[in-house]
Amino acid sequence: MTLESTADPAAPDTVPVAAIVPALRTAFDRGVTRSLRWRLQQLGALKRMLEERSSEIEDALFLDLGKNPAEAQLTEIGIVLSEIELTLSHLRGWLRPRRVGVPLAIAPASASTLLEPLGVVLVIAPWNYPVQLLLAPVVGALAAGNAVLLKPSELAPATSALMASLVPEYLDPRAVAVVEGGVPETTELLAERFDHIFYTGNGAVGRIVMTAAAKHLTPVTLELGGKSPVYVDDTVDLAATARRIVWGKFMNAGQTCVAPDYLLATAEVSAALTPHLIDAIGELYDGDPRSSSSYGRIVNDHHFARLTALLAGERVLAGGRSDERTRYLAPTLLGDVARDAPVMQQEIFGPILPMVPVSGLDDAIAFIRAGDKPLALYAFTNSKTAARRILTETSSGAVGFGVPVAHLSVPGLPFGGVGESGMGHYHGRRSVETFSHEKAVLHKRLAPDTLRLVYPPFTERKDGFIRGLLRRLS
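For every chain, the first residue of its written sequence is number 1, and the numbers climb from 1 along that sequence. Note on the predicted model: pLDDT of at least 70 is required for a residue's local features to be given, and 80 or more for side-chain atom pairs to be given and counted; whole-chain, interface and lining totals, by contrast, use all residues. Only hydrogens and water are removed before side-chain values are computed, so all heavy atoms of the structure are retained for them.

Student: Quick one: what's the story with the packing of aromatic side chains, residue by residue and with numbers?
Tutor: Only rings of Phe, Tyr and Trp enter the pairing, Trp through its six-membered ring, and a pair is recorded when the two centres are within 6.5 Å. The plane angle decides the type: under 30 degrees is stacked, over 60 is edge-to-face, the rest tilted. A complete count under the given rule lists seven aromatic pairs for this structure. Arranged with centres 5.9 Å apart and planes meeting at 75 degrees, the rings of Y295 and Y328 form a pair that is edge-to-face. Here Y328 lies in strand β12 (residues 328-329) and Y295 lies in the loop between α10 (267-284) and α11 (301-309), a separation of 33 residues in the sequence. With respect to burial, Y295 and Y328 carry one shared label: buried. Ring centres of F415 and Y426 lie 6.0 Å apart, and the angle between their planes is 80 degrees; on these two criteria the pair is classed as edge-to-face. Placement of F415 in the loop between β16 (399-401) and β17 (422-423) and of Y426 in the loop between β17 and α14 (429-434) is noted, with a sequence separation of eleven residues between them. Per-residue accessibility, obtained with a 1.4 Å probe over protein chains only, is compared with the maximum for each type, and a residue is labelled buried under 20%, exposed over 50%, and partly exposed between these values. Residue classification places F415 among the buried residues on the basis of a relative accessible area of 4%. Clustering of aromatic rings is evident, with ring pairs tying together F198, F415, Y426 and F435. We count a stretch as a helix when DSSP gives it H or I for four or more residues in a row; a strand needs E for two or more, and each element gets its number in order from the N terminus.

What follows is the structure in structure tokens.
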């Protein structure tokens, strides 16, 4: 399998990857990253970087994605700062050994688990949230005591260059490094041996990452995507529902892995909801998304062409306008979309919302279950029965009732997919656990030697003792 690139960035300087990874491993082996003091220092430095260089980060995100500074703070910088604050507050407690019970057969003894760092971690980030999805995993990797190699996306070149400049300035260069570049550099990285690989992106490249990791039996976390549905019934306030859906769908011009990908509703609900969706688009984007500073742009020409091609033959209820020169694609609603339409065959990852008619809740659940398990599933219903059925009869990385996307901002919730939408999770304590090995530790004194009761040779008396002990434990 080979990586494929859709970008044509200027060729970056050759990076001696083969020298960087051993240098990071040497730092780890020498214990540079292990102390709690070092971990807290690195998290504090990362926090200062985000605060002190905030305006530069905002500028880079605008250059790459047309992202409004407020949106950059909300969806990129702010989320990482929240992760850092939570981790700084709780890391000491998270790292304390956890006591576990000891069976009577080996008592007296004590048992516990201890989180130990894995070693050298590779974090490969995507282009759509090139700060958040690069640095949020790094928070957990550093907190767990690892050396880290960051690979920002070449499809967000301004942000990539800025991270490559800032990270060595703020973080310990002995144990933290950045490698820029595209497919050749990523391929070279994947040939190296890491102790964990954390990849965020699409399933095709996720398979390539897993194949490369398998050569070294390297564990992986895959944060992928998929078609996240949103279901709406007739029990809710449709105007408020429309605002929530438009907000979640069209932030970052729809280029969000947990954005609602398509909408399921009966024909009657869709007809009633559509004018509210159109009004919400006008309300959130100043009447004209094209001139609104709050609405972003498509990342590159390839994705722009892919998205506009998905509109062919569909009934456009709103939007549909585009400008190839500026890579503007209006927030677009498609009505009565067939279940086998091209727009339903792939994750859209753009500002297009297909509205797929269903006969009711049974039909909606059956349709969701027939496809790959999504990264997120959203439902707008005031029916407790409907909510319970959606929660128990479908499988997804997360479920959001009454709001899309927002679960990503809750540090205490695990973030991750299931099946085709990914494996593994992170955020908060789970990030530290993801980048750690939970080591089992048992202590038993040599005296008194109670194990003599179970040593061979097995006499009739010992046999009776063992059988009686096992009966009491069962």
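Student: Summarise the confidence of the model for the protein; cite the residues concerned and give the values.
Tutor: When pLDDT drops low, the exact placement of atoms in the prediction is not to be read closely. Confidence scores per residue from the predictor, reported as pLDDT, run from 0 to 100. Within the protein, residue pLDDT values average 94, and 97% of them lie at 70 or more. Within the model, the stretch residues 1-12 combines pLDDT values under 50 with 19 contacts to residues more than four positions away or in other chains. Throughout, a contact is declared for two residues whenever any of their heavy atoms are within 4.5 Å.

Student: How would you sum up the packing of helix α2 (residues 36-52) against helix α4 (residues 69-94)? Please name residues and give values.
Tutor: Comment: axis = line fitted to C-alpha atoms, over the contacting stretch for helices; angle = value between 0 and 180 degrees taken between N-to-C directions. At a closest axis distance of 10 Å, the pairing of α2 and α4 adopts a crossing angle of 155 degrees. By the angle class used here, α2 and α4 are roughly antiparallel. Relative to α4, the crossing made by α2 is left-handed. In this structure, α2 contributes L36, R39, L40, L43, G44, L46, K47, L50 and E51 to the contact, and α4 contributes I77, V80, L81, I84, E85, T87, L88, L91 and R92. Looking at side-chain class alone, the contact of α2 with α4 contains eleven nonpolar, two polar and five charged residues. By the definition adopted for this analysis, an angle is roughly parallel if under 35 degrees, roughly antiparallel if over 145, roughly perpendicular if from 65 to 115, and oblique otherwise. Note on convention: the crossing is left-handed when the near helix lies turned anticlockwise from the far helix by less than a right angle, right-handed when the turn is clockwise. For this scheme, ten residues count as nonpolar: Ala, Val, Leu, Ile, Met, Phe, Trp, Tyr, Cys and Pro. Four count as charged, namely Asp, Glu, Lys and Arg, and the remainder, Gly too, count as polar.

Student: Mind laying out the side chain of K67, listing which residues take part and the relevant values?
Tutor: Here K67 lies in the loop between α3 (54-65) and α4. Think of a polar contact as two N or O atoms within 3.5 Å of one another; within protein, one of them needs to be a possible hydrogen donor and the other a possible acceptor, and neighboring residues in sequence only count if both atoms come from side chains. Side-chain polar atoms of K67 contact the backbone oxygen of N128, separated by 3.4 Å. Among the polar contacts listed, one links the side chain of K67 to the side chain of N252, at a separation of 3.4 Å.

Student: Residue-level account of helix α6 (residues 157-170), with values.
Tutor: Here α6 is 14 residues long and its end C-alpha atoms lie 20 Å apart, about the 20 Å a rise of 1.5 Å per residue gives. Residues of α6 that are buried: T159, S160, L162, M163, L166, V167 and Y170. On the buried face of α6, the contacting elements are α2, α3, α5 (132-143), β4 (147-151) and β5 (176-178). One less than the residue count of a helix, multiplied by 1.5 Å, gives the span that helix is expected to have.

Student: So what's going on with the sheet that holds strand β1 (residues 98-100)? Residues and values would help.
Tutor: If you walk across this open sheet you meet the three strands as β1-β2-β18, and the pairing is antiparallel. Both edges of this open sheet fall to β1 and β18 (436-443), since each of them pairs with a single strand only. This sheet shows a mean twist of 30 degrees between the axes of neighbouring strands, independent of strand direction. For two strands to be treated as a pair, DSSP must find at least two bridges joining them. Looking at chain direction, β1 and strand β2 (residues 110-117) are connected through three bridges and run antiparallel. Along β2, the bridge assignment pairs V100 with A111.

Student: Could you give an account of the pattern of salt bridges, with specific residues and numbers?
Tutor: The working definition used for a salt bridge is a side-chain nitrogen of Lys or Arg within 4 Å of a carboxyl oxygen of Asp or Glu. One pass over the full model with this rule turns up 19 salt bridges. One salt bridge connects E154 with K151, and the closest N-O pair in it is separated by 3.5 Å. The class of K151 is buried, set by a relative accessible area of 2%. A salt bridge links R467 to D463; the nearest nitrogen and oxygen atoms lie 2.7 Å apart.

Student: Report on the pairing of strand β6 (residues 196-200), specifying residues and quantitative values.
Tutor: Where burial is concerned, most of β6 is hidden: five out of the five residues are buried. In terms of strand pairing, strand β3 (residues 120-124) meets β6 through four bridges, oriented parallel. Residue pairing across strands places L122 opposite I197, the latter belonging to β6. Handedness of a crossover: with both strands directed away from the viewer, a clockwise path from the first strand across the helix to the second marks it as right-handed. Where the polypeptide runs from β6 across helix α8 (residues 203-214) and back to strand β7 (residues 220-223), its parallel neighbour, the crossover connection is right-handed.

Student: Give a description of unusual backbone geometry that names residues and reports values.
Tutor: The omega torsion across A107 and P108 is 0 degrees, close enough to zero to call that bond cis. Along the chain, the position of P108 falls in the loop between β1 and β2. Cis geometry is found at the peptide bond from A447 to P448, where omega equals 0 degrees. Residue placement: P448 occurs in the loop between β18 and α15 (460-473). At N252, a residue that is not glycine, the phi angle is positive and equals roughly 55 degrees. With respect to the helices and strands, the residue N252 is situated in the loop between α9 (238-250) and β9 (262-265). Positive phi, close to 60 degrees, is recorded for R327, a residue that is not glycine. Along the polypeptide, R327 turns up in the loop between β11 (322-323) and β12.

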